[in-house]
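# A look at the structure
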Amino acid sequence: MRKPECFGFPFGCVSVVVAASVAGLLGSARHHSFSLVVLGFVVLATGAVTRLAAAAGTALIAWSVHSGFTVGTAGELQFTTETGVAAVVFATATTIGALAGAVRRSVRKAVSESPHPLEGATRTRLPGVRAPAHSPPVGGCEGDHRLPEGSSWSARTQVA
């Protein structure tokens, strides 16, 4: 089974670069808060769909891009009050996103581990209802996926 959370850090890095590029085209060089909000959303979304380590790495890349290309020039990192605020914003977005992702994963796990409503169901005969004159063949024809009487079965594998 493919695990989408294994691609979290590359997903986050690409998302940061794309979001920063679009924000730059829309004027984030003059309005640094626009870049901060856009990159904060990317970090939040990455935290929600991936693991904590990927979200933390994405937050570090987002801070570096914001500090080096929005606040600074030509990738030169800036250590100012503004970039300190950006670090706090990205750390908060990482934490909230990671918590949301953990809740989402635990709910998904709980739902997948819960028994199917028809698991262990048995057939019962109602009084006054007659059985058919003949029973259909069981498992003898191609495409007949029914199991012989007395075998274990799951309602999820039955074909109507």
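Residues numbered from 1 in each chain as written. Predicted model: local features only at pLDDT ≥ 70, side-chain atom pairs only at ≥ 80, totals over all residues. Heavy atoms only, no water.

Residues V14, V18, V22, L25, L26 and F34 make up a contiguous nonpolar surface patch of roughly 600 Å² in combined accessible area. Broken down by element, the residue count for the nonpolar patch peaks at four residues, all from helix α1 (residues 8–25). (Patch = residues over 30% accessible without salt bridge, like charges linked within 9 Å, V, L, I, M, F, W, Y side chains within 5 Å. Areas by Shrake-Rupley, 256 points an atom, 1.4 Å probe, with all protein chains shown as cover. Salt bridge = Lys/Arg side-chain N within 4 Å of Asp/Glu carboxyl O. Helix = DSSP H or I, 4+ residues; strand = E, 2+ residues; numbered from the N terminus.)

Our focus in this paragraph is the packing of aromatic side chains. Counting across every chain of the model gives one aromatic pair. Considering the side-chain rings of W63 and F79, the 5.6 Å spacing of their centres and the 40° angle between planes classify their relative orientation as tilted. With W63 in helix α3 (residues 52–71) and F79 in the loop between α3 and α4 (81–113), this pair connects stretches of sequence that are 16 residues apart. We classify F79 as exposed; its relative accessible area is 69%. (Phe/Tyr/Trp six-rings, centres within 6.5 Å; stacked < 30°, edge-to-face > 60°. Buried < 20%, exposed > 50% of the residue type's maximum accessible area, 1.4 Å probe, protein only.)

Here S67 is to be found in helix α3. For S67, a relative accessible area of 0% corresponds to the buried category. In this structure S67 touches G72, E76, L77, Q78 and T83, once residues within four positions along its chain are discounted. (Contact = heavy atoms within 4.5 Å.)

In the contact formed by α1 and helix α2 (residues 32–49), the axes pass within 9 Å of each other and the chain directions differ by 160°. With respect to their mutual orientation, α1 and α2 come out roughly antiparallel. Between α1 and α2 the crossing geometry is right-handed. Contacts from G8, F11, G12, S15, V16, A19, A20 and A23 of α1 reach α2 at F34, S35, V38, L39, V42, T46 and V49. (Axes fitted to C-alpha atoms, helices over the stretch in contact; angles between N-to-C directions. Parallel < 35°, antiparallel > 145°, perpendicular 65-115°, else oblique. Left-handed = near helix turned anticlockwise from the far one by under 90°.)

This brings us to the side chain of T46. Mapped onto the fold, T46 is located in helix α2. What makes T46 buried here is its relative accessible area of 0%. Beyond its immediate stretch of four places on either side in the chain, T46 contacts G8, F11, G12, A54, A55 and T58.

The next subject is α3. Here α3 is 20 residues long and its end C-alpha atoms lie 26 Å apart, about the 28 Å a rise of 1.5 Å per residue gives. Taken as a whole, α3 has its buried residues at A54, A55, G57, T58, A59, A62, W63, V65, H66, S67, G68 and T70. (Expected span 1.5 Å × (residues − 1).)

In the predicted model, the protein chain carries a mean pLDDT of 76, and 67% of its residues have values of at least 70. Counting contacts from residues 153–158, a segment whose pLDDT is below 50, to residues more than four positions away or on other chains yields eight contacts. (pLDDT = per-residue confidence, 0-100.)

For the pair α2 and α3, interaxial distance at closest approach is 9 Å and the crossing angle is 165°. It follows from the interaxial angle that α2 and α3 lie roughly antiparallel. Considering how the two elements wind past one another, α2 and α3 form a crossing that is right-handed. Where α2 approaches α3, its residues H32, S35, L36, L39, V43, T46 and G47 are matched on the opposing element by A54, A55, T58, A59, A62, H66, T70 and V71. Taken together, the residues of the contact of α2 with α3 break down into eight nonpolar, seven polar and no charged. (Nonpolar A, V, L, I, M, F, W, Y, C, P; charged D, E, K, R; others polar.)

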